[in-house]
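So the chains spell out like this:
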Amino acid sequence: MPFESPWQQQPQHHVRNPGVADDIDYEIKGQELQFLEIELDPGESAVAEAGALVWKDASITMTTVFGDGSGGADGGFMGKLLGAGKRLITGESLFTTVFTHQGSGKARVAFASPTPGAILPIKLDEIGGSLICQKDSFLAAAKGVSIGLHFQRRVMTGLFGGEGFVMQKLDGDGWVFVQMGGTVVERELKAGEELHVDTGCLAALTPSVDFDLITAGGVKSVLFGGEGLFFARLRGPGKVWIQSLPFSRLAGRMLAAAGSRGGQNRGEGSVLGGFGDLIGGRD
């Protein structure tokens, strides 16, 4: 599915079902710094990560809720508390925001990713109803999608897999929108087919994919290859999504460029380097 998605054609009469995610129209705009526009019919809702809002039409109301706002069978205070606790474990806020169209006609609300990269739309019922992804990748979804936890079953994978023991698991039958760094590639693995990926570049996968670690090579490769100790070994069947620029890698390069001088000009692009700073009068 292309990232620049056209508006989806929907039935003229849409009947909301509390047990099924709302069927929403959307459009993703931009290239490296994308944002998402969701178009809602009267009574439809979308749920988004706290702080992701860019703008909304006046007829769309905002409600802050505990947990993921899925509105499923786990009703009541304890269900909401459990949902909020799951989000806290994955490093997200205790709250999400539900946006509901209370007027007539069509109304739009827009959300943006906080990092450079791509916003990927995925219809969960088209991939088996579940998606496992990075802890901080959820951006928005149709109301009714559940945001849960996925624990790594293998200890070594949890310790060195780049995402830790806990990842996000998105369940449901509606649209979810996840944010990934850089350019995103989707690969569909056949049964038994293997793919080796840098652990930080693994963005998402379907639950049918077996995720394990293998060493990055011999001692020389580990010490001097610059690729870390392990690769993620992904074995099909199933789909995987690979990101070219994990935010942790981008942040690391920015910190390295700033060094101990607080982000001052370091003469990058000049063969004189730091000596050029002295000539130029920067001390």
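Our subject is the structure that appears above.
Given the structure is predicted, the values throughout are model-derived calculations rather than measurements.

### Looking at the sheet that holds strand β4 (residues 53–56)
Step number 1: The strand order across the open sheet formed by four strands is β1-β2-β7-β4, and the pairing between neighbours is antiparallel. Whereas interior strands pair on both sides, the edge strands pair on one side only; in this sheet they are β1 (25–29) and β4. On average, each strand axis in the sheet is tilted by 20° relative to the strand beside it, whichever way the strands run.
Step number 2: Where β4 lies against strand β7 (residues 107–112), three bridges are found, and the strand directions are antiparallel. In the strand pairing of β7, Lys 56 is matched with Val 109.

### Overview of the packing of aromatic side chains
Step number 1: In this structure the tally under the stated criterion is four aromatic pairs.
Step number 2: Ring centres of Phe 99 and Phe 111 lie 5.2 Å apart, and the angle between their planes is 65°; this geometry places the pair in the edge-to-face category. Here the residue Phe 99 occupies a position in strand β6 (residues 95–101), and Phe 111 occupies one in strand β7, the gap between them amounting to twelve residues.
Step number 3: Among the aromatic residues, those joined into a ring-pair cluster are Tyr 26, Trp 175 and Phe 177.

### What about the pairing of β7?
Step number 1: With six bridges connecting them, strand β2 (residues 35–40) and β7 associate as antiparallel partners. For Leu 36, the partnering residue across the bridge sits in β7 and is Phe 111.

### A closer look at the nonpolar core
Step number 1: By size, the foremost hydrophobic cluster in this structure holds 21 residues, and its most contacted members are Ile 122, Leu 131, Leu 170, Val 178, Met 180 and Trp 241.
Step number 2: Of all the secondary structure elements, the ones that give two or more residues to this core are β8 (117–123), β9 (130–133), β10 (138–142), β13 (175–181) and β16 (202–205).
Step number 3: Not counting the four nearest positions on each side in its chain, Met 180 is found in contact with Pro 116, Gly 117, Ala 118, Leu 120, Ala 203, Ala 204, Trp 241 and Gln 243.
Step number 4: Counting residues in each nonpolar core, the second largest holds 20 residues, with Ile 24, Leu 36, Ile 38 and Leu 40 among its members.

### Thoughts on the environment of Thr 215
Step number 1: Position of Thr 215 among the secondary structure elements: in strand β17 (residues 210–215).
Step number 2: Remark: the alpha-carbon pair of Thr 215 and Ala 232, spanning 17 residues in sequence, is separated by 8.9 Å.

### Considering the sheet that holds β17
Step number 1: Strand order in the open sheet formed by three strands is β15-β18-β17, with antiparallel pairing between adjacent strands. Two strands bound the open sheet, and with one partner strand each, they are β15 (194–198) and β17. Here the average twist between neighbouring strands, direction ignored, is 35°.
Step number 2: Sheet analysis places β17 next to strand β18 (residues 230–235), joined by six bridges and oriented antiparallel. Along β18, the bridge assignment pairs Thr 215 with Phe 230.

### Brief notes about the pattern of salt bridges
Step number 1: According to the stated counting rule, one finds eleven salt bridges in the structure shown.
Step number 2: Here Asp 125 makes a salt bridge to Lys 123, at a shortest N to O gap of 3.1 Å.
Step number 3: Asp 125 gets classed as partly exposed once you look at its relative accessible area, which sits at 43%.
Step number 4: Residue classification places Lys 123 among the buried positions, given a relative accessible area of 16%.
Step number 5: The salt bridge involving Asp 212 is made with Arg 233; its shortest N-O contact spans 3.7 Å. Taken as a pair, Asp 212 in strand β17 and Arg 233 in strand β18 lie far apart in primary sequence, 21 residues in all. In this pair, the class of Asp 212 matches that of Arg 233, namely buried.

### Thoughts on the pairing of β13
Step number 1: Across the seven residues of β13, seven count as buried, placing the element largely inside the fold.
Step number 2: Summarising the sheet, β8 and β13 pair through seven bridges and their orientation is antiparallel. Note that in β13 the partner of Ala 118 across the bridge is Met 180.
Step number 3: As judged from the three bridges shared by β10 and β13, these two strands associate in the antiparallel manner. Bridge assignment links Ala 140 to a residue of β13, and that residue is Phe 177.

### Section: the environment of His 196
Step number 1: Topologically, His 196 is positioned in strand β15.
Step number 2: Setting aside its immediate chain neighbours within four residues, His 196 contacts Ile 214, Phe 231, Ala 232 and Arg 233.
Step number 3: Among the polar contacts made by the side chain of His 196, one reaches the side chain of Glu 194 at a distance of 3.4 Å.

### A closer look at the side chain of Thr 97
Step number 1: Among the structural elements, Thr 97 can be located in strand β6.
Step number 2: Setting aside anything within four residues of it in sequence, one finds Thr 97 in contact with Ala 46, Val 47, Ala 48, Ala 50, Met 62, Thr 63 and Thr 64.

### Some points on unusual backbone geometry
Only a minority of non-glycine residues have a phi that is not negative, and only a minority of peptide bonds are not trans.
Step number 1: Across the junction of Gly 236 and Pro 237, the peptide omega takes the value 20°, indicating a cis bond.
Step number 2: Its location among the elements puts Pro 237 in the loop between β18 and β19 (238–243).

Criteria and cut-off values
- Residues numbered from 1 in each chain as written.
- Predicted model: local features only at pLDDT ≥ 70, side-chain atom pairs only at ≥ 80, totals over all residues.
- Heavy atoms only, no water.
- Pairing = 2+ DSSP bridges.
- Helix = DSSP H or I, 4+ residues; strand = E, 2+ residues; numbered from the N terminus.
- Axes fitted to C-alpha atoms, helices over the stretch in contact; angles between N-to-C directions.
- Phe/Tyr/Trp six-rings, centres within 6.5 Å; stacked < 30°, edge-to-face > 60°.
- Core = buried A, V, L, I, M, F, W, Y, C linked by side-chain atoms within 4.5 Å.
- Buried < 20%, exposed > 50% of the residue type's maximum accessible area, 1.4 Å probe, protein only.
- Contact = heavy atoms within 4.5 Å.
- Salt bridge = Lys/Arg side-chain N within 4 Å of Asp/Glu carboxyl O.
- Polar contact = N/O pair within 3.5 Å; in protein donor to acceptor, adjacent residues only side chain to side chain.

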